[in-house]
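Okay, here's what each chain looks like letter by letter:
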Amino acid sequence: MKIKEYIKELLLTNQGVIIPGLGGFVSEYESAAFDISENKFVPPSKKISFNPDYTYQDNLLSEYICKKELIDQSEAKKQIEDFVKDSKFKLTKGDTIHFEGIGSLSQSSKGSIQFTQDKDANLLTDSFGLTSVQAKQKVVPNIQGKPA
């Protein structure tokens, strides 16, 4: 089952992906910025979040599975249901579910699903090939010979 891979592929070209019965990944454009804590410029990216309230069936994921695996809609929906059931079971056991290039889902002590985006993940296709650039501190010499 390649559902995690399909979710990542869909997030490259869509603003969100709903996993019926589990929740939805939502992406939002984030401008290039300067990271003060790491003293570097970071390229524009997609900020990914997860909303467990988005559980309705929008058919985007199931239709994509149909096309990729050449199966019918009912079989695709069955694969999603099995994935959701397995994911919920793992989360209740305290396991973390990792989505390569996206992030990880875990369950809090209160039972809510939490998402942590991969720090280096960038699903914005316009930024492919761009990396962060470390800024160098410029040392200004003291021309007057006086302590700065």
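The paragraphs below set out a description of the structure included in this document. Numbering of residues begins from 1 in every chain and follows the order in which that chain's sequence is written. Where local features are concerned, this predicted model is filtered to residues with pLDDT of at least 70; where side-chain atom pairs are given and counted, the filter is 80 or more; whole-chain, interface and lining totals use all residues. To obtain the side-chain values, all non-hydrogen atoms of the structure were used and water was disregarded.

As for the side chain of Ser-87
Step number 1: The helix and strand labels rest on DSSP assignments: H or I over at least four residues marks a helix, E over at least two residues marks a strand, and numbering proceeds from the N terminus. By the element assignment, Ser-87 lies in helix H3 (residues 73-92).
Step number 2: On the basis of relative accessibility, which here comes to 2%, the residue Ser-87 falls in the buried class.
Step number 3: Residue contacts are counted whenever heavy atoms from the two residues lie within 4.5 Å of one another. Contacts of Ser-87, omitting those with residues within four sequence positions, involve Leu-22 and Ile-97. A 1.4 Å probe rolled over the protein chains alone gives each residue an accessible area, and that area as a share of the maximum for its type sets the label: buried under 20%, exposed over 50%, partly exposed in between.

Looking at the packing of helix H1 (residues 3-13) against helix H2 (residues 60-69)
Step number 1: Relative to each other, H1 and H2 sit at 110°, their axes nearing to 10 Å. With respect to H2, the axis of H1 lies roughly perpendicular. Along its contact with H1, which presents Ile-3, Tyr-6, Ile-7, Glu-9 and Leu-10, the element H2 presents Leu-60, Leu-61, Tyr-64, Ile-65, Lys-68 and Glu-69.
Step number 2: Here the term charged refers only to Asp, Glu, Lys and Arg, the term nonpolar to Ala, Val, Leu, Ile, Met, Phe, Trp, Tyr, Cys and Pro, and the term polar to all other amino acids, Gly among them. Its residues placed into classes, the contact of H1 with H2 shows eight nonpolar, no polar and three charged. Axis definition: a line fitted to C-alpha atoms, limited for helices to the stretch in contact. Angles are taken between N-to-C directions and run from 0 to 180 degrees. Any angle between 65 and 115 degrees counts as roughly perpendicular, while under 35 counts as roughly parallel, over 145 as roughly antiparallel, and the rest as oblique.

Some thoughts on the sheet that holds strand S7 (residues 103-107)
Step number 1: By the convention used here, strands pair only if DSSP detects at least 2 bridges between them. Pairing is antiparallel in the open sheet, where three strands are placed in the order S6-S7-S8. A strand with exactly one partner marks an edge of an open sheet, and here the two such strands are strand S6 (97-99) and strand S8 (113-117). Averaged over all pairs of adjacent strands, the angle between strand axes in this sheet comes to 20°, irrespective of strand direction.

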